[in-house]
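Observations on the three-dimensional arrangement
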Amino acid sequence: MNHADGNDKERELFARLEADLAADSGADVVDLDKARDARAESGDQSADSAPGSGASGRADSAAGGSADGSGPVMVDGPAPVGPGFMERVTAAKRRPVVPAWLRSLGELKTAAGWVAGHYGHLTAYHSLRVPVYAGRLAVHSPRGAARFVGGTLRWLADREGEPVRLAAVRREDAVEYLKLSRQRDGRVRLRTLAMVLASLIGVGASLALYVLAPGWLQAVSVSALVLALGFAGREADAPIVTRAVELPQVSRLTSQIVVRAFAALGIAEINKQASRGKDGVEFKAPIQRDGKGWRADLDLPYGVTVSDVLDRRERLASGLRKPLGCVWPEPVPGEHTGRLMLWVGDQDMAKAPQPAWPLLKSGTTSLFKAVPYGTDPRGRAVGFDLMYANFLVGAMPGRGKTFALRILLLAAAMDPTAELHTWEFKGTGDFSSFEPISHSYGSGPGDDATVEGCVDALAYVYGELDRRARVINGLPKDICPENKVTPELAAKKSLGLHPLVMTIDECQEVFTHERHGKKAAELATAIIKRGRALGVILLLGTQRPDADSLPKAISANVGIRFCLQVMGQPENDMVLGTSMYKNGIRATSFTADDLGIGYLVGAGPNAQIVRSYYIDNAAAATLCERARTARAVAGTLPDPATAKTAKPVDTLLTDILAVIPASETKVWNETVVDRLAELRPEKYGDWARMDGEEKTAHLTAALKPYGIKTGQVGRRVNGKTVNQRGVTRAHLTAAVAERDEKRDAS
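Residues numbered from 1 in each chain as written. Predicted model: local features only at pLDDT ≥ 70, side-chain atom pairs only at ≥ 80, totals over all residues. Heavy atoms only, no water.

**Concerning the pairing of strand β3 (residues 293-299)**
When you tally the buried positions in β3, you get 6 out of 7 residues, the bulk of the element. Across 2 bridges, the pairing between strand β1 (residues 282-283) and β3 is antiparallel. Bridge pairing links E282 to D299 in β3. Here β3 runs beside strand β5 (residues 339-345); their pairing, made up of 7 bridges, is antiparallel. Looking across to β5, one finds that A296 is bridged to L342. (Buried < 20%, exposed > 50% of the residue type's maximum accessible area, 1.4 Å probe, protein only. Helix = DSSP H or I, 4+ residues; strand = E, 2+ residues; numbered from the N terminus. Pairing = 2+ DSSP bridges.)

This is the structure we're talking about:
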């Protein structure tokens, strides 16, 4: 059979097999080259895709498409498409060549100061203890000499080879023993010769030193020898040199630790990846030092968001084996919702030492400059421009809200040109230090008189808006081109465009007041909307951030917000802004230990975690006195004749009614005083420290101006009736009703 016949038969067999396969599968055999040519030549895609239209239609079928729309549809292109090389390069994010702490003069000074202080402390510490160290070495020198002599003799006798020779003896290996013995004899002879030579040289050098050297060199040589012997004789468990600085144990953050921690969060998609032997997270940059901690940038699995991790911050801290205050996961602005930045600090943020407020020691400032406010988790200073902005701080009670607000008020006090209006409605006098430098001041527990005074101050500030607007409108454009207050305009006393700062702490007491709340909200809203360009700043603080206590028109227009720990999403978004909770900015993640720590929004392009500086009442009083001196020099102290201060509110009758329930018709004076002291210890504490008769007489005298008389009140004590002077509740209620009626009429 020739080759041509064989080739023909093979082709015939191959064709028959193809026909059989096509018949079995119910599909056509497609010539892909012809199909591609037909598709390229035809511009009518609808014709090509028609049922039975030929090669092109068969090609679509072969590619997984369906001519009649009943099958799967090809959605990916024939080739991967995307941005080109140059597009990717131009859109790339470049990491800074110079680290952030070198670009910031403040951080560089801080770092240099720390290094200088650290090594200066080491030098001073050890310099003071040099005599102690020398004495310890001298005490250990005899032991060191004994160790030196013993070690030399053991070396001379080749004691290190003795265990090998003894092993040869136990094995009764005569050949090996003789070989080792000859080796030992050679070593001993050589070492003995070296020892003799060293002794001769040493003795000669010692005699020459003794005869020829000056006294100071002899003393130095002997001291060095003694110290060297003492160093050789030291004990391992009794170090000669003590530690000057106890360094905290800081463990390096590794990818293995991070992966293990995320696997413990209980997130289904991360667990699924781990079950397949993969890491649950993908690292987008090397883990590196960032401030006083470690930073890891990573992508979460598809479908997992940063919010899912924030909800499990406690579990994450447990997985990292770190205190909760060290672990701060955050979303990355401008990236997708699965990109997370994990920062793990060396110390709990709430317990780490914080630098002092920059203005605490000396100096004044200007509100046209950035106000130092606090530090971030990395320990870096955080400040912002308070001018042309308003500020709102909200938190649960006892989380540091008043201290966070006091920092800004102190910054305003340090500007001698700033006009202050200070109002607080806790009633404890937290801002009493500011009264001498405030143009209006009030402190009270939400009573009518204090609220009314605050509304009057708001009305005055609102009137200032109109006056300042007229002044700015009348200025030439070359002096005021932007139609707003500038440092140059504020410095001109004749214009009256100096910064005006009004502070209202516990503002919910004002905005929820039955008679004045609506007017106060309207005035505050207008001030917030118009005051920015006119040099007017409103600072608000509340421990009840809800729709009733903080009107929407106010919370929606405040530029800078600071939210410490709150209970839920509504309070979080009421302070920080709509959808902040959804975007992962959650002040609910803070704990009771995170005092003064919150989310700061509006002070920069991104939300940031900040720990506000801590200034107590004593330090605030010192700062206010310094501010008063600066104002006296600048001639900007408020005139006592024109300063508005809320009159102290007489709450005695109201307080007594609060401690006498309706079920008690008559109560002893002594009992009433004890209850009053428990209700308001700062006001009635001195009364409670009196004896029984003094309490009774004091309350009787205090009630006399109200026309309320006390009388004998009998009570059963141990089966006997005991009479003491007391008050009748009905007399109190009648006096309060008469007072309120007169107030309403006026």
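**Topic: the packing of helix α25 (residues 669-679) against helix α26 (residues 681-688)**
It is at 6 Å that the axes of α25 and α26 come closest, and there the two elements cross at 145°. Seen along the crossing, α25 lies across α26 with a hand that is left-handed. Residues V673, L676, A677, E678 and L679 of α25 pack against P681, Y684, G685, W687 and A688 of α26. Each residue belonging to the contact of α25 with α26 can be placed in one class, and the counts come to 8 nonpolar, 1 polar and 1 charged. (Axes fitted to C-alpha atoms, helices over the stretch in contact; angles between N-to-C directions. Left-handed = near helix turned anticlockwise from the far one by under 90°. Contact = heavy atoms within 4.5 Å. Nonpolar A, V, L, I, M, F, W, Y, C, P; charged D, E, K, R; others polar.)

**Remarks on the side chain of R165**
Along the chain, R165 falls in helix α9 (residues 162-170). A distance of 3.3 Å separates a polar side-chain atom of R165 from the backbone oxygen of D158. With residues near it in sequence (within four places) discarded, R165 still touches D158, Y177, L180 and R184. (Polar contact = N/O pair within 3.5 Å; in protein donor to acceptor, adjacent residues only side chain to side chain.)

**Quick notes on the sheet that holds strand β17 (residues 666-668)**
Spatial strand order, β17-β19-β18: 3 strands in an open sheet with antiparallel pairing. Unpaired on one side and paired on the other, β17 and β18 (711-717) mark the two borders of the sheet. On average, each strand axis in the sheet is tilted by 60° relative to the strand beside it, whichever way the strands run. Here β17 pairs with strand β19 (residues 720-728) via 3 bridges, running antiparallel. Within β19, the position partnered with W668 by the bridge is G726. Here α25 sits on the sheet and contacts β17, β18 and β19; the angle it forms with β17, its principal contact strand, is near 80°.

**Observations concerning the pattern of salt bridges**
Per the counting criterion, the structure on display carries 27 salt bridges. Put simply, K284 and E282 hold a salt bridge, and the shortest N to O gap is 3.4 Å. Classification of K284 as partly exposed rests on a relative accessible area of 36%. For E282, a relative accessible area of 44% translates into the label partly exposed. Between K401 and E506 there is a salt bridge, with its nearest N and O atoms 3.0 Å apart. Residue K401 is found in helix α16 (residues 401-413), and its partner E506 is found in the loop between β11 (500-505) and α19 (508-511); the two are separated by 105 residues along the sequence. When its relative accessible area of 5% is taken as the criterion, K401 is described as buried. Judged by relative accessible area, which is 2%, E506 ranks as buried. If you follow the salt bridges from partner to partner, you end up with D158, E160, R165, R187 and R191 in one network. (Salt bridge = Lys/Arg side-chain N within 4 Å of Asp/Glu carboxyl O.)

**What to know about the confidence of the model for the protein chain**
For the protein chain, mean pLDDT is 82; residues scoring 70 or higher make up 84% of the total. Counting interchain partners and residues more than four positions distant, the pLDDT-below-50 stretch residues 43-67 has 27 contacts. (pLDDT = per-residue confidence, 0-100.)

**Some remarks on helix α23 (residues 617-634)**
With 18 residues, α23 should cover 26 Å at 1.5 Å per step; its first-to-last C-alpha distance of 25 Å lies within 8% of that length. Taken together, the buried positions of α23 are A620, L623, C624, A627, A630 and R631. Across the axial projection of α23, the buried residues extend over an arc of 120°, all falling on one side. Along α23, the residues that are exposed and aim more than 90 degrees away from the buried face are A618, T622 and V633. (Expected span 1.5 Å × (residues − 1). Arc of directions from axis to C-beta.)

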